[in-house]
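# Survey of secondary and tertiary structure
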Amino acid sequence: MTVSARGEPLLLELLDGFLQTKVLITAYQLDLFTMVARAPRSPAELRAALGWPERSTTILVDACVALGLLELEGEALRVPDELAPFLVRTPDRPFRTTTYLLDYYAEVYRALDDMAELVRSDGASSSFGLRDYFKDDVAQVEAEVAREYSRYMDQTIAPIAKVVLETYDFGQHRSLLDLCGGTGTFCAAIVEATPGLRGAFLDVPACVELGRQQLAQRPAVAGRITPIAGDAFTTPLPEGLDVVTICRAAMDWGDERIEPLYRRVRQALPPGGRLVVVERMLPDRPCPEARSLYLRSVYFLAKSRSTRYRTPAGHVALLQRAGFSSVEVREPPRAPYAVFQSMKVVVARA
Ligand SMILES: C[S@@+](CC[C@H](N)C(=O)[O-])C[C@H]1O[C@@H](n2cnc3c(N)ncnc32)[C@H](O)[C@@H]1O
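### Remarks on the domain arrangement of the protein chain
- Entries for the protein chain in the domain assignment read domain 1 (7-89) and domain 2 (154-286 + 304-349).
- Put simply, the middle of domain 1 and the middle of domain 2, counted by C-alpha atoms, are 41 Å apart.

Written out as C-alpha cells, the structure is:
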C-alpha cells in the first residue's frame, strides 16, 4: 500500500491495509497462485476446480485481481510474470525473503491481534514464539527455534556481508570476533574475503551447533574460524582480538544490557582495535520516508520486550559511554537488499 492520501482518505486507506494483507496471505496459503499458474482458467473454472463455495471464492479471486495479484487476460486468469517467482510454489524454487515473509507475517499478525495490550504491557502479553531465543540460560534455546530462525538469517546475510565489506576494510585486522554471529555465515564471508584474517563467532549453543555442521561443508575457511557456544553477555571473550562485529543484534537489547556488553568488548580490544556495529537505523526524527522501518518496529512489540531500532546518534552515545575513543557512522554505498533499507555501519575505535 502506498499512503499518499491525507485527511479522511488517509484513514480509509489505512483501514484497507489489513484487508490487502489478508487477501495476499490467504490467497498464498490457499495456493491460488499455483493453481492459476498450472493452467489458464476463467474465474468460474477455477472455482469449479477448487470446489469451494461460489460467493467466498469469487470474493477472494476478485480481490486478488483488484489488487493486481492476479490478472485477467481475456477470460483467463494469470499470475503477473513479475509476481510468479514469489507466489507460485514449485519444487525447486530458490529461497526468497519476500516469500518467506508471507508465511512468517501470518504468525506475526496473529500475535499483533491485541496490539493495545502489547503496547500497555511493553510486549509482555505476546504469544509469539517463532523466534523465542531470549533466555536467561542460552542453553535453553531449542534446536528447532534456532534452526528455523537461522535459516532466514543465513539466507539474507550474504548481501549484507558484501555491503559491509564495501564499507569497512577488514584487511587491517588479524583476529575477528562476530558477536551474536548466528551460524557463523557472516564471519565466514568476512574471513573468506580477507586474506590473513582469522575469525570466531559467538552465539547460543543451538545456533553454534548448526554453524559447526555448516562449517564442515566449507573446508576452505573452516580452519580459520572458531565457533564459540555461549552467552554474549557473560562468556569470556577470546584473547588477541583486534576487531569485533555485531550485526543485526544490538537492537535486540536495551541500553542497560548493550552498554556493559560494549564496555566488555572495549576492554577485550587493544588500543586502536575496532568494534563494528551493523544494523538498520532510524532517522533522527520520525518521517514518512522511513515508513517501512517504523512499521517493522511495530513487529518488535510482538517479538520481544526489548527489541528496538536506534538512531545513529543513539549508537554513538552508547559506544562513547562504553569508553570508545572515537566513533564514526558510515553510510554504505547501497542497501544490501530491497527490504533491508537504512543499514548503517558504525565503527568505534578502542
Ligand atoms: C538477529 S540474529 C543475527 C544473527 C547474525 N548476526 C546475522 O546477522 O545473521 C540475533 C542472534 O543473536 C543470538 N543471540 C540471542 N541471545 C544471545 C546471547 N545471549 N548470546 C549470544 N547470542 C545471542 C541469536 O541466537 C541470533 O543468532
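### Points about the packing of helix α3 (residues 43-50) against helix α4 (residues 54-67)
- For the pair α3 and α4, the least separation of the axes is 10 Å and the interaxial angle reads 125 degrees. The orientation of α3 with respect to α4, classified from their angle, is oblique. In the packing of α3 onto α4, the handedness of the crossing is right-handed. Contact with α3, carried on its side by Leu 46, Arg 47 and Leu 50, involves Glu 54, Thr 57, Thr 58 and Val 61 of α4 and no other residues of that element.
- Here the contact of α3 with α4 is composed, by residue class, of 3 nonpolar, 2 polar and 2 charged.

### So, the sheet that holds strand β9 (residues 343-349)
- The strand order across the open sheet formed by 7 strands is β5-β4-β3-β6-β7-β9-β8, and the pairing between neighbours is mixed. What marks the edges here is a single partner per strand, and that holds for β5 (225-229) and β8 (326-330). Between one strand and the next, the sheet's axes are offset by a mean angle of 20 degrees, whatever the strand orientation.
- As judged from the 5 bridges shared by β8 and β9, these two strands associate in the antiparallel manner. Considered in β9, the bridge of Arg 330 is made with Val 345.

### Points about the packing of helix α1 (residues 7-29) against helix α6 (residues 97-111)
- Two elements in contact, α1 and α6, have axes separated by 10 Å at closest approach and are oriented at 115 degrees. Crossing angle aside, the handedness with which α1 passes α6 is left-handed. Contact residues: α1 offers Thr 21, Leu 24, Ile 25, Tyr 28 and Gln 29, while α6 offers Thr 99, Leu 102, Asp 103, Tyr 105, Ala 106 and Tyr 109.
- Considering only residue class, the contact of α1 with α6 consists of 7 nonpolar, 3 polar and 1 charged.

### Here's the deal with the pairing of strand β7 (residues 274-280)
- The buried fraction of β7 amounts to 7 of the 7 residues, a majority that puts the element mostly inside the structure.
- Alternating residues of β7 divide into Arg 274, Val 276, Val 278 and Arg 280 and Leu 275, Val 277 and Glu 279, and every residue in both groups is buried.
- As paired elements, strand β6 (residues 243-247) and β7 share 5 bridges and run parallel to each other. What sits directly across from Cys 247, in β7, is Val 278.
- Regarding the hand of the β-α-β motif, the stretch spanning β6, helix α12 (residues 255-268) and β7 is right-handed.
- Where β7 and β9 come together, 7 bridges link them in antiparallel fashion. By the bridge assignment, Arg 280 is partnered in β9 with Met 343.

### Topic: the packing of aromatic side chains
- Under the defined criterion, the tally for this structure stands at 13 aromatic pairs.
- Centre to centre, the rings of Phe 95 and Tyr 100 are 5.7 Å apart; their planes meet at 45 degrees, and the pair counts as tilted.
- The exposure class of Tyr 100 is buried, given its relative accessible area of 9%.
- Among the aromatic residues, ring-to-ring pairing joins Phe 95, Tyr 100, Tyr 104, Tyr 105, Tyr 109, Phe 128, Tyr 152, Tyr 299, Phe 300 and Tyr 309 into one connected group.
- In this structure, Arg 257 packs its charged tip against the face of Phe 233, placed 3.9 Å from the ring centre.

Conventions used here
Residues numbered from 1 in each chain as written. Predicted model: local features only at pLDDT ≥ 70, side-chain atom pairs only at ≥ 80, totals over all residues. Heavy atoms only, no water. Domains from an automatic or database assignment. Axes fitted to C-alpha atoms, helices over the stretch in contact; angles between N-to-C directions. Helix = DSSP H or I, 4+ residues; strand = E, 2+ residues; numbered from the N terminus. Parallel < 35°, antiparallel > 145°, perpendicular 65-115°, else oblique. Left-handed = near helix turned anticlockwise from the far one by under 90°. Contact = heavy atoms within 4.5 Å. Nonpolar A, V, L, I, M, F, W, Y, C, P; charged D, E, K, R; others polar. Pairing = 2+ DSSP bridges. Buried < 20%, exposed > 50% of the residue type's maximum accessible area, 1.4 Å probe, protein only. Right-handed = clockwise from strand over helix to strand, strands pointing away. Phe/Tyr/Trp six-rings, centres within 6.5 Å; stacked < 30°, edge-to-face > 60°. Lys NZ or Arg CZ within 6 Å of the ring centre and 35° of its normal.

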